[in-house]
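Given next are the chains, with one letter for each unit.
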Amino acid sequence: VIGKSKGTGTLITYKPDPTIFTITTEFQFNLLATRMRELAFLNPGIEITLIDDREEDKSETFFYRDGIDQFVRQLGKNKHLVHAKPIIVANKTDDVFVDVVLQYNDSYNDQILCYANSIANVDGGTHLTGFRGALTRVINQYAKNNNLLKEKDPNLSGDDVREGLVAVVSLRLLDPRFNSQTKGKLVNTEIEGITSKATYDGLMHYFDTNPSVAKK
């Protein structure tokens, strides 16, 4: 305590170590803004302000009340959407929170972003495996239950059901384990089943209550 104040908080000041950051020690505003925007999407209701004192009046504030719903909408911006509103799946199993938002467009490519505790897992992991498997199963199951696929027809493949897909898979868990220091891949074995069940149950419920979207 250094004196009286009307507010509380912690100020952290640091400089990058040139022996570690050998390419550059200069902060890049656009790179930081991309990460701050991502964090604001993944943590709905939190406001993050980035200020660059190197230039006058250079700042940006990030706030997304609807979180990854808005994230997926932004990723699908300027694309021809198959359904207007993203599909939202939210589930809690024990101490694991699973949030999945997905939306289809008419392109041939898929874009699936995975996160564990707001850390980007660029190589996916068990949550991506669980999500992909459940998505394939639920679409095939719904198609057969509603005669969109005949019994003699082959199942749709994973590549088929992910065509034109934009999705964000975000988990919060107590003890995330990764394949390396860069945390590119989540390796908790139990997470595959948890994510798979959450995705399957959530999508089946959504398709049953929104048949017009499911048939698209």
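Structure's up top.
Residues numbered from 1 in each chain as written. Predicted model: local features only at pLDDT ≥ 70, side-chain atom pairs only at ≥ 80, totals over all residues. Heavy atoms only, no water.

1. A short note on the pattern of salt bridges
Pairing is possible between side chains of opposite charge, provided their charged atoms come close. Enumeration according to the criterion identifies 11 salt bridges in this entry. One salt bridge connects Glu60 with Arg37, and the closest N-O pair in it is separated by 3.2 Å. Taken as a pair, Glu60 in strand 2 (residues 58-62) and Arg37 in helix 1 (residues 29-42) lie far apart in primary sequence, 23 residues in all. Residue classification places Glu60 among the partly exposed positions, given a relative accessible area of 30%. It is possible to trace a salt-bridge network through shared partners that takes in Glu26, Asp52 and Arg54. (Salt bridge = Lys/Arg side-chain N within 4 Å of Asp/Glu carboxyl O. Helix = DSSP H or I, 4+ residues; strand = E, 2+ residues; numbered from the N terminus. Buried < 20%, exposed > 50% of the residue type's maximum accessible area, 1.4 Å probe, protein only.)

2. Re the packing of aromatic side chains
All told, the structure shown has 6 aromatic pairs when counted by the stated rule. The interplanar angle of 80° and the centroid separation of 6.3 Å between the aromatic rings of Tyr14 and Phe27 together place this pair among those described as edge-to-face. Of the two residues, Tyr14 is situated in the segment before helix 1 and Phe27 in the segment before helix 1; the sequence distance between them amounts to 13 residues. A relative accessible area of 59% means that Tyr14 is categorised as exposed. Among the residues examined, Phe27 registers a relative accessible area of 38% and is labelled partly exposed. Ring centres of Phe41 and Phe71 lie 4.6 Å apart, and the angle between their planes is 0°; this geometry places the pair in the stacked category. (Phe/Tyr/Trp six-rings, centres within 6.5 Å; stacked < 30°, edge-to-face > 60°.)

3. Side note on the pairing of strand 5 (residues 111-116)
Inspection of the sheet shows strand 5 paired to strand 7 (residues 165-172) by 6 bridges, in the parallel sense. Looking at the pairing, Tyr115 lines up with Ser170 of strand 7. Where strand 5 and strand 6 (residues 119-120) come together, 2 bridges link them in antiparallel fashion. If you follow Tyr115 over to strand 6, its bridge partner there is Ala120. Between strand 5 and strand 6, which follow one another and run antiparallel, lie 2 residues, and Asn117 among them has a positive phi close to 55°. (Pairing = 2+ DSSP bridges.)

4. Looking at the environment of Asp57
Along the chain, the position of Asp57 falls in the loop between strand 1 (48-52) and strand 2. For Asp57, a relative accessible area of 74% puts it in the exposed group. Along the sequence, Asp57 and Pro86 sit 29 residues apart, while their C-alpha atoms lie 35 Å from each other.

5. Some words on the packing of helix 3 (residues 126-145) against helix 5 (residues 189-209)
Two quantities define a packed helix pair, namely the angle between the axes and the distance from one axis to the other. As a packed pair, helix 3 and helix 5 sit with axes 7 Å apart at the nearest point and diverge in direction by 30°. Between helix 3 and helix 5, the interaxial angle falls into the category roughly parallel. Classified by chirality, the crossing of helix 5 by helix 3 is right-handed. Of the residues assigned to the contact of helix 3 with helix 5, the class counts are 11 nonpolar, 10 polar and 3 charged. (Axes fitted to C-alpha atoms, helices over the stretch in contact; angles between N-to-C directions. Parallel < 35°, antiparallel > 145°, perpendicular 65-115°, else oblique. Left-handed = near helix turned anticlockwise from the far one by under 90°. Nonpolar A, V, L, I, M, F, W, Y, C, P; charged D, E, K, R; others polar.)

6. A look at the sheet that holds strand 4 (residues 96-104)
Strand order in this open sheet of 5 strands is 3-4-7-5-6, and the pairing throughout is mixed. Each edge of the sheet is formed by a strand with only one pairing partner; in this case those strands are strand 3 (87-93) and strand 6. Strand direction decides the pairing type here: strand 4 and strand 7, joined by 8 bridges, are antiparallel. Among the inter-strand pairings, Gln103 is bridged to a residue of strand 7, identified as Val166. Where helix 2 (residues 68-75) meets the sheet, it contacts strand 3, strand 4, strand 5 and strand 7, and its direction lies at approximately 30° from that of strand 4. Across the sheet, helix 5 lies against strand 3, strand 4 and strand 7, angled at about 135° from strand 3, the strand it touches most. (Contact = heavy atoms within 4.5 Å.)

7. Some thoughts on the environment of Leu32
You can see Leu32 is positioned in helix 1. Since its relative accessible area comes to 32%, Leu32 is described here as partly exposed. Sequence spacing of Leu32 and Leu50 is 18 residues, and the spatial spacing of their C-alpha atoms is 8.0 Å. If near-sequence neighbours (up to four positions away) are discounted, Leu32 is found in contact with Phe27 and Leu50.

8. Concerning a nonpolar patch on the surface
On the surface, a cluster of nonpolar side chains totalling about 440 Å² of accessible area is made up of Ile12, Tyr14, Phe27 and Leu32. Note that Ile12 resides in the segment before helix 1. A residue is classified by how much of its surface remains accessible, and Ile12, at 66% relative accessible area, is exposed. (Patch = residues over 30% accessible without salt bridge, like charges linked within 9 Å, V, L, I, M, F, W, Y side chains within 5 Å. Areas by Shrake-Rupley, 256 points an atom, 1.4 Å probe, with all protein chains shown as cover.)

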